[in-house]
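Each chain is listed here by its residues.
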Amino acid sequence: MDLKTLIRDIPDFPQPGIIFRDITTLLRNAQGLKYVIDSLAVETEKLNILPDYVVGIESRGFIFAPALAYHLDAGFVPVRKKGKLPAEVFSIEYDLEYGTDILEIHQDAFTQGAKVMIVDDVIATGGTAKATADLLTQIGCEIVACGFIVELEGLKGKDKLPDVPIISLVKYS
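Now for a look at the structure at hand. Quantities reported herein were computed from a predicted structural model and do not represent experimental measurements.

### Comments concerning the sheet that holds strand β8 (residues 142-152)
Here's step 1: With mixed pairing, the seven strands of this open sheet are ordered in space as β5-β6-β4-β3-β7-β8-β9. Edge strands, defined here as strands with exactly one partner in the open sheet, are β5 (89-96) and β9 (166-172). Recorded for the sheet is a direction-independent mean angle of 20 degrees between the axes of neighbouring strands.
Here's step 2: Sheet topology places β8 next to β9; six bridges connect them, and they run parallel. Bridge pairing links Cys146 to Ile166 in β9.
Here's step 3: In this fold helix α3 (residues 61-72) packs onto β3 (53-57), β4 (75-81), β7 (115-123) and β8, with an angle of close to 170 degrees to the strand it touches most, β3.
Here's step 4: Across the face of the sheet, helix α4 (residues 127-138) comes into contact with β3, β4, β5, β6 (99-106), β7 and β8 while running at roughly 150 degrees to β5.

The following block contains the structure:
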């Protein structure tokens, strides 16, 4: 399936000169959504080490990570923006284009040495995925893979990630 035919390009969003890759048109297509989840599962099952948990990054990672976790017989754990989780959290501050942000995860989300896979919709500059990977490493998790629906190759975001398998279903240069 050619997923690019299901992803809408929106020019000049969120600012002039940017082409936004809108996956909402992919999500509304039942066959496309199924293909994405099945493809992520197939590619992950080829790995030497399968995850115990699939970590979804807020917010669009929440769409794909639970379904993938279900396929892999793994747990799902959300990484959220500051102040969204009710129990005690570990947190990490990271740089954005204009400022900083904070990601959090529950302190009781994992056992020591848990094998985890990070999932999000898009890997662009890699800042949020890197912060998630750094946070998971700091709390004693073993990152076994990262998965994305879309990779914006020209921004070289995956170069910031740990040396683990990176699954990207659609690549734009």
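### Re α4
Here's step 1: Its twelve residues give α4 an end-to-end C-alpha distance of 16 Å, which sits within 8% of 16 Å, the value for a rise of 1.5 Å per residue.
Here's step 2: For α4, every residue scored as buried is listed here: Ala129, Ala131, Thr132, Ala133, Leu135 and Leu136.
Here's step 3: Residues of α4 that are buried make contact with β3, β4, β5, β6, β7 and β8.

Parameters at a glance
Residues numbered from 1 in each chain as written. Predicted model: local features only at pLDDT ≥ 70, side-chain atom pairs only at ≥ 80, totals over all residues. Heavy atoms only, no water. Pairing = 2+ DSSP bridges. Helix = DSSP H or I, 4+ residues; strand = E, 2+ residues; numbered from the N terminus. Axes fitted to C-alpha atoms, helices over the stretch in contact; angles between N-to-C directions. Contact = heavy atoms within 4.5 Å. Expected span 1.5 Å × (residues − 1). Buried < 20%, exposed > 50% of the residue type's maximum accessible area, 1.4 Å probe, protein only.

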